[in-house]
2 protein chains.
Amino acid sequence: MGVLVVGSVALDSVKTPFGAVENVLGGSASYFSTAASFFTEVSLVGVVGDDFPSQALTLFRDREINIDGLERVPGKTFHWAGEYSYDLNEAITLDTQLNVFEQFRPKLPAAYQDSPYVFLANIDPELQLDVLNQVKHPKFVACDTMNFWIQGKLGALMAVLQRVDLLTINESEARQLAQEPNVVKAARAILQMGPKALIVKRGEYGALMFNGSTMFYAPAYPLEAVYDPTGAGDSFAGGFMGYLANVDDVSEEAMRQAIIMGSTMASFNVESFSLERLRSLSYAEIRDRFRAFKGLVNFADLPETT
Amino acid sequence: MGVLVVGSVALDSVKTPFGAVENVLGGSASYFSTAASFFTEVSLVGVVGDDFPSQALTLFRDREINIDGLERVPGKTFHWAGEYSYDLNEAITLDTQLNVFEQFRPKLPAAYQDSPYVFLANIDPELQLDVLNQVKHPKFVACDTMNFWIQGKLGALMAVLQRVDLLTINESEARQLAQEPNVVKAARAILQMGPKALIVKRGEYGALMFNGSTMFYAPAYPLEAVYDPTGAGDSFAGGFMGYLANVDDVSEEAMRQAIIMGSTMASFNVESFSLERLRSLSYAEIRDRFRAFKGLVNFADLPETT
């Protein structure tokens, strides 16, 4: 079972208290597909400009990601510049240049149209709908979004939400979308908008999944060395969707494991700038950290007598 | 096995988006001892003024808390006034009147001096040392502290830390104490200051325990109705220490269960103003919520073949 992702492929300039990089490979689809590629076949839909360095494609090829759906058009590649202070939970956006993304209209190669698992990364909800309309019978569709679309394209976003199985969203944006400060009440309100399940992302505080009437509280792995949080949410989603596609199971039990796998991939991703850590990652490391999550949250039940 | 607590017994005025109360029973020792009393015998050390309403003592009597060590002296009782916005993680202190607490020198009744479990709530570290000097052979000592003492009484605080088994502290204060933004590094630095274990409290994001080289990530229970976070940290500590004293075991396994019990007690406490929710609580409710925490974090291990 494979997973299809539509999202940005970008050149990022990022500064954190631990260093700075210029024009490195970034974008939601890049992080997602690299993380997902450890578990399943990935088909990427996106666009880059003619300035996009061909050696940046090496990573995708090394990870055997299908980039037939990655268009190259005249113009400049999507560029994001951001900075983090010691509070690594919050990015300060310094510059966003949509460039070739502005005119992008995704066209799915025929082989992509049967994808069973689909992830609509954080892009214009009208593009998310465009992609969804070209997939024939998806088994499980997830999407991400952000404050910019909640404010500017609420109608299209609502149309997307009616057609997805899962929404992944940052906590502050969940509150904004539901117009409700309490996260549990906000979650219930969002589930009324269409998705069957919701994952509220809380940065270094982990994630909460609301799936029907159940709740699951996933930790983030406490790390001594967080160098760059860029792409954490998308590598989380990549680990999550990649794992689901691998086991081809969307039960509550599989979704819980998938969240831990997402948290595992995010925890590696933030250990280095750009996609450097995912590039060098082995499956043995992934498995070991997944199991370390077990040790992190495990506790014994109360004795029967108490 | 019983637990001794020294801390404030206060009259609080609290305003949250959900209501306001004036001059209600509060203070760290009140929350701690009420929560701990569900599990073990509790001996309270503190001071109130002659304005302290005797009906406020009814709760302590109902919970069979030993208040032989609660002095009543001429003057006004410690008073705290605070407010919370929709971000219930952060209290805005409007007024603090130490009153009779200013001249307080704790004297332990003879029967208290053999207490095996001791909790030094968030008060002047010199008073914490005073109490510690009067306990003969404590088995397990924990303390809390805050930014005010880190700034103003660092020497005395360091002397306390050398003599405790466990420090419980808010995340921002852990960073401040260690002068280190990364919470894992901050924890390692604090463990060098003396305590064998550290619990970093993160409000609605739960708590992290560092015990020697192990880490435990405890969730906070996601609640739809949080009315008043006042006393959450102290009812957490009360559930934690009460449980440890009850099982008389300070192994890693018992400490993990104790944290979940602390989180359980805190989750009830915030459901109502002052000590109202703990007053009406039953042990069956406590046990059910403890078990709900299991369901909240449980996930299956990876299949052997992956």
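Quick note: structure is the one above.
An account of the accompanying structure is given in this report. Computed from a predicted structure; not experimentally measured.

1. So, the overall build of chain A
Within chain A, the regular secondary structure consists of 11 helices and 13 strands. Overall, the C-alpha framework of chain A stretches about 70 × 40 × 35 Å when taken along its three principal axes. The buried share among the 306 residues of chain A stands at 52%. Look at the contacts in chain A between residues 6 or more apart in sequence, and 67% of them connect residues 24 or more apart.

2. Let's talk about the environment of A:Met146
All names here are of chain A. Relative to the helices and strands, Met146 is located in the loop between β9 (140-144) and α4 (147-152). A sequence separation of 24 residues divides Met146 from Asn122, and the C-alpha atoms of the two residues are 6.7 Å apart. Apart from the residues within four sequence positions on either side, Met146 is in contact with Asn122 and Glu173.

3. Brief notes about the relation of the copies chain A and chain B
Note on the identical chains: chain A maps onto chain B by a rotation of 180 degrees and an axial translation of 0.0 Å, with an RMSD of 0.0 Å. The superposition operator between the copies reduces to a two-fold rotation axis. When C-alpha positions in chain A are compared against the rotation axis, the closest is assigned to A:Tyr205, at 3.1 Å. The residues that chain A uses at the interface reappear at the interface of chain B in 100% of cases, marking a shared surface.

4. Here's the deal with the packing of helix α9 (residues 252-269) of chain A against helix α11 (residues 283-297) of chain A
All names here are of chain A. Following both chains from N to C, one finds α9 and α11 inclined at 120 degrees, their axes separated by 9 Å at the closest point. Crossing handedness for the pair α9 and α11: right-handed. Judged by residue contacts, Ile260, Met261, Ser263, Thr264 and Ser267 of α9 engage Ile286, Arg289, Phe290 and Phe293 from α11. Looking at side-chain class alone, the contact of α9 with α11 contains five nonpolar, three polar and one charged residues.

5. Examining the environment of B:Met215
Summarising the element assignment, B:Met215 is placed in strand β13 (residues 214-218). Separated by 37 residues in sequence, B:Met215 and B:Glu252 have C-alpha atoms that sit 9.9 Å apart.

6. Comments concerning unusual backbone geometry
Residue and element names in this part refer to chain A. Even without a glycine there, the phi angle at Gln179 is positive, about 50 degrees. Looking at the element boundaries, Gln179 is found in the loop between α6 (171-178) and α7 (183-191). Looking at Gln179, the number of C-beta atoms within 10 Å reads 9, which means it is exposed.

7. So, the interface of chain A and chain B
Tallying the contact residues gives 31 residues for chain A and 31 residues for chain B. For the side of chain A that touches chain B, the secondary-structure elements that each account for two or more residues are α7, β13 (214-218), α9 and α11 of chain A. Grouping the constituent residues of the side of chain A that touches chain B by class yields 20 nonpolar, three polar and eight charged.

8. Re the sheet that holds strand β2 (residues 10-16) of chain B
Residue and element names in this part refer to chain B. One open sheet accounts for four strands, arranged β3-β2-β6-β7; its pairing is mixed. Each of the sheet's edge strands pairs with one partner strand only, and the pair in question is β3 (19-26) and β7 (91-97). Ignoring strand direction, the axes of neighbouring strands in this sheet form an average angle of 15 degrees. Pairing of β2 with strand β6 (residues 79-84), which is carried by five bridges, proceeds in the parallel orientation. Along β6, the bridge assignment pairs Ser13 with Ala81.

9. Focus on helix α8 (residues 232-247) of chain A
Residue and element names in this part refer to chain A. Taking 1.5 Å of rise per residue, 16 residues should cover 22 Å, and α8 covers 23 Å from first to last C-alpha, within 8% of that figure. Within α8, 15 of the 16 residues are buried, leaving the element largely enclosed by the surrounding structure. In the stretch just after α8, Asp248 is the one whose phi turns positive, near 45 degrees.

10. Topic: the sheet that holds strand β2 (residues 10-16) of chain A
Residue and element names in this part refer to chain A. Pairing within the open sheet is mixed, and its four strands lie in the order β3-β2-β6-β7. Looking at the sheet topology across the chains shown, the edges are occupied by β3 (19-26) and β7 (91-97). For this sheet, the mean angle separating the axes of adjacent strands, direction not counted, is 15 degrees. Examined bridge by bridge, strand β6 (residues 79-84) and β7 share six bridges and lie antiparallel to one another. Note that in β7 the partner of His79 across the bridge is Gln97.

Thresholds applied
Within each chain, residues carry numbers counting from 1 in the order of the written sequence. To read the labels, note that chains go from A and ligands from 1, taken in the order they are written. Totals for whole chains, interfaces and linings use every residue, but because this is a predicted model, local features are given only for residues with pLDDT of at least 70 and side-chain atom pairs only at 80 or more, for both listing and counting. Runs of E in the DSSP output that reach at least two residues are strands. Runs of H or I that reach at least four are helices, and both are numbered from the N terminus. Here a residue counts as buried when 20 or more other C-beta atoms fall within 10 Å of its C-beta, as exposed when 12 or fewer do, and as partly exposed in between; the C-beta atoms come from the backbone. What counts as a contact is two residues whose backbone-derived C-beta atoms lie within 7 Å of each other. Residues below a pLDDT of 70 in either copy are left out; the C-alpha atoms of the rest, at least 70 in both, set the least-squares superposition of the copies. Whenever a helix is involved, its axis is fitted only over the stretch in contact; in every case the axis is a line through C-alpha atoms, and angles between N-to-C directions fall within 0 to 180 degrees. The crossing is said to be left-handed when, going from far helix to near helix, the turn is anticlockwise and less than a right angle, and right-handed when the turn is clockwise. Residue polarity is assigned by list, with Asp, Glu, Lys and Arg as charged and Ala, Val, Leu, Ile, Met, Phe, Trp, Tyr, Cys and Pro as nonpolar; anything else, Gly included, falls into the polar class. Strand pairing is assigned whenever DSSP detects at least two bridges linking the two strands. What a helix should span is 1.5 Å times the count of its residues minus one.

The analysis is restricted to geometry; functional conclusions fall outside its scope.
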